[in-house]
Amino acid sequence: MSDNRPIGVFDSGIGGLSTTRTMATIMPHESFVFLGDSKNAPYGDQEQPTILNYSRNNVEFLLKKNVKAIVIACNTATSAAKAQLVNEFPEIPIIGIEPALKPAVVQGNQHILVLSTALTMKLPKFQTQYQKYQAHTDILLRPLPGLVDIIETGVIEGPQIDQFAVDNLLSFEDKGVDSIVLGCTHYPFVRNSFAKLFPNVQFYDGFDGVSKRVISLLSQADLLAENTHKQTIDFYSTEDTPTEINRYQSLFDRYQVLPSDLVI
Ligand code: DGL
């Protein structure tokens, strides 16, 4: 049995394009429908019930596109809404993304810097992991309010991003950081600016983990696409203008998939 219907993906905005690009590379026969809620981004500075409402609307939009599974390509929405969405929409598999702290710990890193939205860090999903690992590993936490706003304007490199990185991360330079967890799907777009300050660290974005879960779930449910199926990727935004869709397409094309993410 196989199923050539697309996988639905949503994020608060353009961050989820990084996740979608990686999944589309790993799963070349799967089609994707991406929805960015750019009208309501950023999610990270808002309240949990508000994000649940936005996320519910996103799921309903994607269901109308006849998707076979939904990936929440947003750490904030996963923490704030995934459990509730799974209850409300039992008819469709829903997969979320969370900061890849566990892989960073398991691979033996000792000084892990976690970057995410303030809300992701505050909610129980991340806190449970953090409490578990911080007893034996040095885990440094840094929310980055304001960064998603810049990235949402389409700026993913150059002086503005480099300066943001210096202003927010320079104080960690002498902390012996050996790994950085990019716990927000917008941040991989600006990884190169972070790498200028931390040239020797390993970055963890969690995309390989999400891809692995999607493949395993689709395969258990006999929902994988045929290996002759030609991939299509459609972009939608709650800022529904042709310019916005072109912007999504070009950011999707510009995103550089990490070779390490392809080893799943
Ligand atoms: N891309 C998001 C995440 O992974 C959302 C950031 C935001 O909208 O604040 O958390």
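Residues numbered from 1 in each chain as written. Predicted model: local features only at pLDDT ≥ 70, side-chain atom pairs only at ≥ 80, totals over all residues. Heavy atoms only, no water.

1. Considerations on the sheet that holds strand E3 (residues 69–72)
Thought 1: Taking strand neighbours across the sheet as the criterion, the five strands line up as E4-E3-E1-E2-E9 in an open arrangement whose pairing is parallel. Looking along the sheet, the strands with just one partner apiece sit at the ends: strand E4 (94–95) and strand E9 (233–237).
Thought 2: Here strand E1 (residues 7–11) pairs with strand E2 (residues 32–36) via five bridges, running parallel. Bridge pairing in E2 links Ile7 to Phe32.
Thought 3: Together, E1, E2, E3 and E9 form the strand contacts of helix H1 (residues 16–26), whose direction differs from that of E2 by roughly 170 degrees.
Thought 4: On top of the sheet, helix H3 (residues 75–88) reaches E1, E3 and E4; it is set at about 155 degrees to E3, its chief contact. (Pairing = 2+ DSSP bridges. Helix = DSSP H or I, 4+ residues; strand = E, 2+ residues; numbered from the N terminus. Contact = heavy atoms within 4.5 Å. Axes fitted to C-alpha atoms, helices over the stretch in contact; angles between N-to-C directions.)

2. Considerations on the site of the ligand
Thought 1: In the vicinity of the ligand there are 13 residues, among which Ser12, Tyr43, Gly44, Thr76 and His186 approach most closely.
Thought 2: For the ligand, an oxygen atom lies 2.7 Å from a polar atom in the backbone of Gly44.
Thought 3: Against a free-state accessible area of 290 Å², the protein chains account for coverage of 99% of the ligand.
Thought 4: For the shell around the ligand, the per-class residue count stands at five nonpolar, seven polar and one charged. (Near = heavy atom within 4 Å. Polar contact = N/O pair within 3.5 Å; in protein donor to acceptor, adjacent residues only side chain to side chain. Areas by Shrake-Rupley, 256 points an atom, 1.4 Å probe, with all protein chains shown as cover. Nonpolar A, V, L, I, M, F, W, Y, C, P; charged D, E, K, R; others polar.)

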